[in-house]
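Descriptive structure summary
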Amino acid sequence: MNGPELVYDEFVLGELRKVYGSSLNEFLESLGRPNSRLYVRVNTLRLKEVRFEEGLKEDEDFEEAYYAEVKGPNRLEMLETKVVVDKRTAESAMLGANVYKPGIKRIEGKGSKVSVLSDSGHHVANGFLKRDDWTVQVTESIYVSPKISELDVIKSGLAISQGKASMYVARIVDPKPGERIVDMNAFPGGKLTHIYQLEPKVNLVGFDHSQKKIEKLRSKLELLKMPIRVYVADSRYLDRDLGIKDVDKVIIDPPCSALGVRPKLYDKKDKNDILNFSSYQKQFINSAWAILKRGGTLVYSTCTTTLQENEEVISDPRFEIEFSLRFHPNVHDITGFFIAKLIKR
């Protein structure tokens, strides 16, 4: 497989060059490959119910983390009938995930054995098409891994799919009994549920601006058997709209350019994207300052790699930066990720 098609303007490349220097091309090339491990986080609150499935191995660092190895790349034969899918579906099928109707854009041909292509022409998988419900059972893909979403531990709420880099966030939050903790960007719930799992006696609440996302999150929490309160709200205005104050800890995982996420088949970002995200992210910082008590903790994280969306966002005189850390896909073989722990002055 060829490298990813990355359309980044000179501003974006310049921002990335500040971080990667002479290793920039190595970083960009790494975005076309998946992480060598796909992770699930086991719900240790229900550990007695868990039956570990074949292919899952225990992580070296976190007792709640298990992973499946990703193998490949493989060569695929192009078949006569083609199913064209959207970018997100293609990047999942590339790892062996099945294809479902919402991700299908069109079908070209009448056969039942099909090739799955992205809408930019990347051949990512082959499989069998069921025309009655427009699904493709993927039988071979560029990379091979277990179908994580179809594992029994996931379906039964005994585990949740979550990348390892993301698992560091709850550990850094280090929840204690009775602490008031707000997750400003709670969906899809990885960090929120991890915090509860580490300390069920915490006073935890999550927010998201989307009603649809909150409904999905509530269904997930019910499946996991975690009684966490989640609400629809714009977290940039929690103090003004809901009167929230004197919180012990806040988590911000804001929308970002996602430059660290892989595998990417293609991506397009320009100066306006980065500047708009950075401006948006700073609004969450303002809100966190308003609702935190003095000496309270803010943990900020993104799955992107620019200074503009990370170090420059948290460089705020109202906070003391206790520490920050980065993960790089070309160095650590996981999602490009940034985490910082700040203390309100």
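This text goes with the structure placed above it.
In this report, the structure presented in the accompanying data block is examined.

1. Points about the overall build of the chain
Counting its regular elements, the chain contains 11 helices and 18 strands. Looking at the chain alone, contacts between residues at least 24 apart form 72% of all its contacts between residues at least 6 apart. When the accessible surface of the chain is summed, it comes to about 16200 Å², and 48% of that surface belongs to carbon and sulfur atoms. Here the chain contributes 53 positively and 50 negatively charged side chains, and the mean placements of these two sets differ by 3 Å.

2. Looking at the sheet that holds strand 2 (residues 37-42)
Pairing within the open sheet is antiparallel, and its four strands lie in the order 3-4-2-10. Bordering the open sheet on either side are strand 3 (57-58) and strand 10 (159-161), each of which pairs with just one other strand. Bridging between strand 3 and strand 4 (residues 65-69) involves two bridges; their strand directions are antiparallel. Within the sheet, the bridge partner assigned to Glu-58 lies in strand 4 and is Tyr-66.

3. Considerations on the sheet that holds strand 8 (residues 123-130)
Read across the sheet, five strands follow the order 6-5-7-8-9 without closing on themselves; strand pairing throughout is mixed. At either margin of the open sheet sits one strand with a lone partner, and together these are strand 6 (104-108) and strand 9 (135-141). Neighbour to neighbour, the strand axes of the sheet diverge by 35° on average, direction disregarded. Pairing analysis gives five bridges linking strand 5 (residues 81-85) to strand 7 (residues 113-118), with the strands arranged parallel. Bridging across to strand 7, Lys-82 finds its partner in Ser-115.

4. What to know about helix 5 (residues 164-173)
Within helix 5, eight of the 10 residues are buried, which leaves the element mostly enclosed by the surrounding structure. Among the residues of helix 5, those classed as buried are Lys-164, Ala-165, Ser-166, Met-167, Val-169, Ala-170, Ile-172 and Val-173. With its phi angle positive at about 50°, Asp-174 sits one or two positions after the end of helix 5.

5. Observations regarding the pattern of salt bridges
With the rule as written, the count across this model stands at 23 salt bridges. Between Asp-248 and Lys-293 there is a salt bridge, and its shortest N-O distance comes to 2.5 Å. Of this pair, Asp-248 sits in strand 14 (residues 247-252) while Lys-293 sits in strand 16 (residues 292-302), and the two are 45 residues apart along the sequence. For Asp-248, a relative accessible area of 16% puts it in the buried group. One salt bridge connects Arg-326 with Glu-311, and the closest N-O pair in it is separated by 2.8 Å. Of the two residues, Arg-326 is situated in strand 17 (residues 319-327) and Glu-311 in helix 10 (residues 311-314); the sequence distance between them amounts to 15 residues. Since its relative accessible area comes to 26%, Glu-311 is described here as partly exposed.

6. Quick notes on a positive patch on the surface
Judged by side-chain charge, Arg-88, Lys-212, Lys-213 and Lys-216 come together as a positively charged surface patch. For the positive patch, the leading source of residues is helix 7 (residues 211-224), giving three residues. Overall, the relative accessible area of 33% leaves Lys-213 in the partly exposed class.

7. Points about the packing of helix 5 against helix 6 (residues 190-198)
At a minimum axis distance of 9 Å, the contact between helix 5 and helix 6 shows a crossing angle of 45°. In terms of axis orientation, helix 5 runs oblique to helix 6. In this structure, helix 5 crosses over helix 6, and the sense of that crossing is right-handed. Here Ser-166, Met-167, Val-169, Ala-170, Arg-171 and Val-173 of helix 5 come into contact with helix 6, specifically with Lys-191, His-194, Ile-195 and Leu-198.

8. Side note on unusual backbone geometry
For residues other than glycine, phi is negative in most cases, and the peptide bonds are mostly trans. Cis geometry is found at the peptide bond from Gly-72 to Pro-73, where omega equals 5°. The topology assignment puts Pro-73 in the loop between strand 4 and strand 5. Residue Arg-262 is joined to Pro-263 through a cis peptide bond whose omega torsion reads 5°. Its place among the elements puts Pro-263 in the loop between strand 14 and strand 15 (266-269).

9. Considering helix 6
Across the nine residues of helix 6, eight count as buried, placing the element largely inside the fold. Every buried residue of helix 6 is accounted for by Gly-190, Lys-191, Leu-192, Thr-193, His-194, Ile-195, Tyr-196 and Gln-197.

10. Focus: the nonpolar core
Within the largest apolar cluster, 26 residues are counted, with the highest numbers of intra-cluster contacts made by Leu-192, Ile-195, Leu-204 and Ile-228. At the level of elements, helix 5, helix 6, helix 7 and strand 18 (337-344) are the ones that each hand at least two residues to this core. With five residues, helix 5 is the single largest residue contributor to this core. When neighbours within four sequence positions are excluded, Leu-204 is seen to be in contact with Ile-181, Leu-192, Ile-195, Tyr-196, Ile-228 and Arg-229. Grouped together as the second largest cluster of nonpolar side chains are 23 residues, Ile-291, Leu-298, Ile-314 and Leu-342 included.

Parameters at a glance
- Residues numbered from 1 in each chain as written.
- Predicted model: local features only at pLDDT ≥ 70, side-chain atom pairs only at ≥ 80, totals over all residues.
- Heavy atoms only, no water.
- Helix = DSSP H or I, 4+ residues; strand = E, 2+ residues; numbered from the N terminus.
- Contact = heavy atoms within 4.5 Å.
- Areas by Shrake-Rupley, 256 points an atom, 1.4 Å probe, with all protein chains shown as cover.
- Lys, Arg positive; Asp, Glu negative; His and termini not counted.
- Charge placed at Lys NZ, Arg CZ, Asp CG, Glu CD.
- Pairing = 2+ DSSP bridges.
- Axes fitted to C-alpha atoms, helices over the stretch in contact; angles between N-to-C directions.
- Buried < 20%, exposed > 50% of the residue type's maximum accessible area, 1.4 Å probe, protein only.
- Salt bridge = Lys/Arg side-chain N within 4 Å of Asp/Glu carboxyl O.
- Patch = residues over 30% accessible without salt bridge, like charges linked within 9 Å, V, L, I, M, F, W, Y side chains within 5 Å.
- Parallel < 35°, antiparallel > 145°, perpendicular 65-115°, else oblique.
- Left-handed = near helix turned anticlockwise from the far one by under 90°.
- Core = buried A, V, L, I, M, F, W, Y, C linked by side-chain atoms within 4.5 Å.

Just distances and angles here, no functional claims.
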